[in-house]
Amino acid sequence: MKKLMIGNEAVARGAYEAGVRVVSSYPGTPSTEITEFCAKYPEMNCQWAPNEKVAVETSFGACMVGARALSCMKHVGVNVAADPLFTAAYTGVNGGLVIAAADDPFMHSSQNEQDTRMIARSSHIPVLEPADSQECLDFTKLAYDISEQYDTPVFLRLTTRLAHSRSPVEVGERADVPLKDYEKNPGKYVMMPGMARKRHVVVEAREKKLAKDANGFSINRVEMRDNKLGVVCGGVVYQYVREALPDASVLKLGMTYPLPEEMIKGFAAKVEKLVVIEELEPVFERDIRNMGIEVSGKDKTGLQGELSAAKIRQLFGDGAEAPAEAALPGRPPVLCPGCPHRATFFAMKKLGLTVFGDIGCYTLCALPPINLMDSTLCMGASVGMAHGAEKARGKEFSKKAVAVLGDSTFIHSGITPLVDAVYGGASTTTVILDNRITGMTGHQQNAASGKNILGDPAPQLNLEALCEAIGATVRVCDPHNLKEFTQILKEETEADHVSVVIARRPCALLDKRKKEPAHIENCRNCGACMKIGCPALIKTDKGVVIDHTLCVGCGLCKQVCPFGAIQGGEE
Amino acid sequence: MMKNTNIIIVGVGGQGILLTSKILGYLALDMGENVKVSEVHGMSQRGGSVITYVRIGSDVHSPLIDPGEADFVLSFEKLEALRAEYFLKKDGVLISNTQEILPMPVIMGSTTYPQANPSQEKTVLLDALTLAEEAGNARAINIVLLGVLSRFMDWPQEKWEAAIAACVPAKTLETNLKAFRAGVKE
């Protein structure tokens, strides 16, 4: 019987069937579940790496000595991994190497809408793009064959609607793929200038051959229907096109780099009008125009957001407009009841700090009622930005500023800027929100959580010792000891050295301690507790009430009530 | 094969929306249908609005349902029902829990919770929270609503129950089956 799988699960199944031995990834929506599903197969050695660069270096090491290897990441993770990737394109592979990169058009859970197809073009790495879960499985397996046959890493590009959509999948057996022999080959794997120059020639020749062969790949296919309109598309957009323009002829690209020029020219000659329908950048359109073919599409679809069947019907079909959403109060995501970040940010707000923020659930602290984040750029940026701000405005500025990032984000990219701040004689303060887990992506273990991807015990990174070794002054405090935490934060921001304040308290969703919900008596409706922004506290005309179905009894509201009207919850 | 049926499931992050779409997907596949389910993970699960799409039928391509194309909207919360109403076809059916979960802008007092009821002609409103509590767990609202939906579909009840059994943890099965049957009867 077929199984219903999200695209990410099907990629994991494809990796399993392809005989992959090593998987090294960093979590990032919408790519995370690939590696989680891979970990269910004991035949594959899976580990959460500290960041995507380390992940790719690990899988590249495995591939160089003969194993098939996989690294998975979100689109912005590809930037972090770009350094090893761009040169791995020169060395090529031994065992197959696939990078599953998940783009996020419309930014459901991301800070930008970059297009991995562009990075593929600048790194000269071919791209396969499935259009449903079955293709996720099939293309993953094919990616390993192409990787080994053409001696190149291969991108498997997903988008959110593919990664997180379920469709039926026929599964197969795991192939018996032995380790390939490893022979020392500095000309291929030591990329110093003299050798890299020779490899660059190889890269160009390989790419030309692949582009030529792509004309015969069955994953690129022409579906002729009415010849009035021909559409070139790939990935999940193909599904939207089929739905919106059922009569249009379609060239479905399964390999979206390099493109099959002869096939496209042949298709263009058979249709009266050729359009490209693609999300994000005009990647196909530019490539096709460079072939000397008249084509359009981006003038209508634009660079932003997702497409849908309705949108395509409106732009390229009958022009009918879909009904619009009614104007209603929004429901933005919020920090969970009992979230330790709420106390941490409350303390920072009390001290009137400028907050250089980072990537995690705590990014939500930019929204009302906390409204405290000054910046969010990329993983680990907070620490370096606080240092840069001090360079620009002097040490006084750092007395009223902090960098804030989670434990996993700190390990990902916060360590090196902390080294830089100490080295530069700065006096910045970094708050590590140490909730013992990678929270926002759905609770993945990390080097500081003491467990591996299977939940088994693992060596635990000692954050205090690490930061002390770097040369920072380290203080550790549970932010729910609000007074003490606020005092420590005040002392360290005002101090003349680089400090790290570790706000240590487990993620509320993982805190298994049973606590009684809080309750309110004789509320004077002063509104002080509403400033913490807890969804369990509701303001009414008669005073604040506590929603007992939401309250987890963390007791933070009790600490901020000036009249002692709140009882119960954690002491 | 049935003609295309489009079902939208909406609610507040944490209400078990993903599980509901997973059960429906499993069931459709078990009934020999082609099916696509689209979910949203990540940031939007932190108490925000959540929407999933279930599409059943032989010529389903897109995993998404466009506005005006849904046969059913299954809503776990009243405001989210109002928000998703525009997805319904003219003769589509809205099934909604009457529970109100206040969003942060309402909690903070910067706006008020809308008092209007859905305007869709075919609407089923029910207090699924109470039914779920009576079944033994307030979190089984999603399964109560599935029970209501089952009345509009031609699939045998035992198939629905088998799909629930395949997707929920074993120790919660009895409660969930009670919740489902409460929805069927309601």
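Residues numbered from 1 in each chain as written. Chains lettered and ligands numbered in written order. Predicted model: local features only at pLDDT ≥ 70, side-chain atom pairs only at ≥ 80, totals over all residues.

**Some remarks on unusual backbone geometry**
Residues and elements named next belong to chain A. The omega torsion of the bond from Tyr257 to Pro258 falls at -10°, within 30 degrees of zero and hence cis. In this fold, Pro258 is placed in the loop between β12 (255–257) and α11 (261–270). For the peptide bond that leads from Pro368 to Pro369, omega is 0°, which places it in the cis range. Residue position: Pro369 is located in the loop between β14 (354–356) and α16 (381–393). (Helix = DSSP H or I, 4+ residues; strand = E, 2+ residues; numbered from the N terminus.)

**Quick word on the interface of chain B and chain A**
The parts lose accessible area when they come together, and the size of an interface is often stated as this lost area. If you look at the interface, chain B gives 42 residues, while chain A gives 44 residues. Counting only elements with at least two residues in the side of chain B that touches chain A, the list comes to α1 (17–30), β2 (35–38), α2 (78–84) and α3 (104–107) of chain B. Among the residues forming the side of chain B that touches chain A, the class breakdown is 22 nonpolar, 15 polar and five charged. One ladder, built from two bridges, connects strand β8 (residues 165–169) of chain A with β2(B); its direction is antiparallel. Note that in β2(B) the partner of A:Arg166 across the bridge is B:Val37. (Contact = placed C-beta atoms within 7 Å. Nonpolar A, V, L, I, M, F, W, Y, C, P; charged D, E, K, R; others polar. Pairing = 2+ DSSP bridges.)

**Here's the deal with helix α1 (residues 7–17) of chain A**
The α-helix winds at 3.6 residues per turn, so residues separated by three or four positions along the chain end up facing the same way. All names here are of chain A. Burial analysis of α1 places 11 of its 11 residues in the buried class, the great majority of the element. All of the buried residues along α1 are Gly7, Asn8, Glu9, Ala10, Val11, Ala12, Arg13, Gly14, Ala15, Tyr16 and Glu17. Directly beyond the C-terminal end of α1, a positive phi value near 85° is found at Gly19. (Buried ≥ 20, exposed ≤ 12 C-beta atoms within 10 Å, placed from the backbone.)

**Focus on the pairing of strand β3 (residues 45–48) of chain A**
All names here are of chain A. Residues Cys46 and Trp48 line the buried face of β3, whereas the alternating positions Asn45 and Gln47 sit on a face that is not buried. Pairing geometry for strand β2 (residues 22–25) and β3, over four bridges, is parallel. In the sheet register, Val23 faces β3, and the bridge partner there is Cys46. Taken together, β2, helix α2 (residues 32–38) and β3 constitute a β-α-β crossover, and its handedness is right-handed. (Right-handed = clockwise from strand over helix to strand, strands pointing away.)

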